[in-house]
Amino acid sequence: MDDIPIIEIQSATASVSSPVSTRTIPAPISPRRPSPPGAESPSPPSTPGHRRGKSESQNLLPPTSKNLFQYSTTREFRYDQPEEDGQEGRESPNWQGVAGSLNRTRRQKWRDFLVDVLTIAAGLPFFALAGAIIRLDGKPVKRQQENVLNQCIKGVSTKSPQSSVYADYKKAATLFPLVFSVVVGRLMVKLASWKVERGSTVGSLERLMGSKTVGGTIITQVRLWHFSLAGLGLILLWLLSPVGGQAVLRILSTTSTRTVSNAAVNYLNSRQQVYAGLPAFDSWYPGFAGIFTASLLAPMAVKAGPLDLWGNLKIPYFSGLANVTEDSNGWKQSPQTNYTPSYSSIFGIPISGVPTGNATFNVQSTYVELSCSNRTSSRTRSLNFFSNPGLISTNGPFVSAQNVTFQTLWTMGYLGDNVTDLTNNITIQSLDSLSNQTESGTFLPGLLLYQDFTGSQNVTSIYCVPLQKYIESEITCTQSSPGAPQSCGVTAQRLSLLPHMPNTLTLMTYPQVFNGLSSLLPRSTQQLNHIDLLQNYLEQPLSNSYIQSTPWPSFTSPPTESRLQNISLQDFGDRLGSLINAFLHGAQLNSTTYLTGEAHSLPQQQLATTPSSMSAQIKALSPSFTLLTNSTIPGLDHYSISIPFLALFLLASLVIPLSALVSMILSRVTLSRDYLGCVSSLARESRYVEFPDGGVGLDGLKRSRMCSEWRVRLGDVGDVDGGWSIGTGVALTVGRYALGDEAKTRVVDGRKLYL
């Protein structure tokens, strides 16, 4: 192509100066604007083969020979390209060949100003959120207010308390990194454009252009493999993006104010005297029978729960924690999951004076635990025939209050020591009334025999060893406000450290106690329509329908043997033990009154503040214990802010408007547009791409959008002239590797050398 002359523009008319060479420019173009009337075009050299431009086709130029140039002002001129082969069909942009000023137009300035305002304003909501959080510090929590804050911070979508409209709040934790990346990423581009206009190193520019995201910043610094303070500063700057997003989640929290107070708690002494077998028990035995039957038929949730029907605390078997490791003080914590306690009695221990709030105190108690290890079945009856096994009778060997007859449904007998001779007062039936020497004595365990005669022909006999357990339980009670339901439960247990008799001595070693047990317990529930509530409870304690409606096995169709043969000995011992303990607790003085909701009438004792004072009250057979406990009453929740996380969030938020301000300043002092990092910029500078000149007022992305259909390829654009000489003087064919038009480049060959 012939050399193209450069135009020197001095006024409304121009002259052509010295020529310089230029590269080939594709396809004809449309005129950017018509020349004003009276403007003249310079006379170009006579160059054949040119097409008439749109400026002439619209009769804007006089009908002269082909003009290569036209201009109307001192700001831009128009250049009509000569015809080129191979460019037909490619649409040229309207700025092709138009020389323009780098100064921004008024429209561009307003657009940039709007973008700057938006980026500066993008960081203001985070400061507003921080200010709202700071104002709440130390103030009482209002649930509606807390709801809104949680929605703003965490993005929870909830139903508005004032309306039925669902409000979706932006997640501050998610929105912050997005806003940060947009604003700071724009700053990196503006800074790179400013530096490249004034001259900079490639490494510095690449470091900036690669720092548009957190990950991109780190990867760029690593791949450049050159440590610099600028690179470290960029990494620290971008790390504020995830730090700020996470800090906002941890600024606000709530704290509860608590009031600690002391209260005296009163509870029934389960180690006091038992009146079973004595005439005094007859006065409250009918009441006992009523609440005993009611407890057998209590709802399943009550039977399996920590409280009985009247809110008394039930004590679990300590043996249920056999697989739990004890601490240095012997305590075993009750598991919170995968643990179903088995309770030592269907009655709980009456407790009064438990204060409102959260209270924790220890309770001393005792119960009988049965360890059953043998079960037999032998024939005792047939039609009009009954054979007494002869094991249980008033004379032994297993002593009972009554003899076995053909009408006996079930009975119990005891074989073991008689402690009457060891007591100081035979009218007092309490193990703690025995002489002090008994505590250090050795006694063989007794043996309890339970016989079931409800089978069609056989008697089922189960042998159990009773042991008296002394347990200390840690009790936790919770009550939100006066009058609200109180929830109590055993949270830990250990063997009692207070003095007590050997475990092999139980209350059954008192003959009168066992006589009362063996005679009155079978009569505590009614026997109607061949249904025994107590026996059915032993078989299926949680099914009230089974307990109330299942007849004796001998009255089913067809008749069967005792159903006690179908349950484990462990379950049988736990269930029978809970009924025996209920009877023994019910035989204590005025127990039915205390058990049925009158625990507040328990007599208050002197505060038991030490183990010795507690032991003294036990020896004195005190009906109740009084101890001091601390109660923690939760107050109003208050907001609390974390100063370190607030500072991090404010610092990260401050970067957003500062970056926007710096970007605005750089935009004003930089003439060039955002040129770096765009494929159109790379193609414009490549001499192997027939890319249109002009459009200096366009940024890279806008130019790419206008020329999005241009096809280019990074490949072989031709061989190097003369080849490449090697040591032997032989010239090899060497290709040139560059970005060029797709139609004029070839796919690279892995067997070929390239420059």
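Check the entry above for the structure.
**Concerning a nonpolar patch on the surface**
A cluster of nonpolar residues, Ile218, Val222, Trp225, Phe227, Leu229, Leu232, Leu236 and Leu239, forms a patch on the protein surface that exposes about 900 Å² of accessible area. Elements supplying a minimum of two residues to the nonpolar patch: helix H7 (214-224) and helix H8 (229-250). Ranked by residue count, the leading element in the nonpolar patch is H8, at four residues. Within the fold, Leu229 resides in helix H8. Overall, Leu229 belongs to the exposed group, its relative accessible area being 68%.

**So, helix H11 (residues 511-520)**
With respect to burial, H11 is a largely interior element, seven of its ten residues being buried. Residues of H11 that are buried include every one of Val513, Phe514, Gly516, Leu517, Ser518, Ser519 and Leu520, and no others. Lining the buried residues of H11 we find helix H9 (285-296), strand E14 (398-399), strand E15 (410-415), strand E16 (447-452) and helix H14 (569-586).

**Here we look at the packing of helix H2 (residues 106-122) against helix H3 (residues 124-136)**
Where H2 meets H3, the closest approach of the two axes is 5 Å, and the angle between their N-to-C directions is 20°. Here H2 lies roughly parallel to H3, going by the angle between them. Where H2 approaches H3, its residues Ile120, Ala121 and Ala122 are matched on the opposing element by Leu124, Pro125 and Phe126.

**Overview of the side chain of Arg271**
Residue position: Arg271 is located in the loop between strand E7 (252-268) and H9. On the accessibility criterion, Arg271 (4% relative accessible area) is buried. Those residues in contact with Arg271 that sit more than four places away from it in its chain are Thr366, Ser430, Asp432, Tyr470, Pro499, His500, Gln588, Ile618 and Leu621.

**Details of unusual backbone geometry**
Residue Pro397 is reached from Gly396 by a cis peptide bond, and omega for that bond is 10°. Mapped onto the elements of the fold, Pro397 is located in the loop between strand E13 (392-393) and E14. Following Ser557, the chain continues to Pro558 via a peptide bond in cis, the omega torsion being -5°. The residue Pro558 is located in the loop between helix H13 (544-549) and H14 in this model. At His530, a residue that is not glycine, the phi angle is positive and equals roughly 60°. Relative to the helices and strands, His530 is located in the loop between strand E19 (527-528) and strand E20 (531-532).

Reading the values: rules and limits
- Residues numbered from 1 in each chain as written.
- Predicted model: local features only at pLDDT ≥ 70, side-chain atom pairs only at ≥ 80, totals over all residues.
- Heavy atoms only, no water.
- Patch = residues over 30% accessible without salt bridge, like charges linked within 9 Å, V, L, I, M, F, W, Y side chains within 5 Å.
- Areas by Shrake-Rupley, 256 points an atom, 1.4 Å probe, with all protein chains shown as cover.
- Salt bridge = Lys/Arg side-chain N within 4 Å of Asp/Glu carboxyl O.
- Helix = DSSP H or I, 4+ residues; strand = E, 2+ residues; numbered from the N terminus.
- Buried < 20%, exposed > 50% of the residue type's maximum accessible area, 1.4 Å probe, protein only.
- Contact = heavy atoms within 4.5 Å.
- Axes fitted to C-alpha atoms, helices over the stretch in contact; angles between N-to-C directions.
- Parallel < 35°, antiparallel > 145°, perpendicular 65-115°, else oblique.

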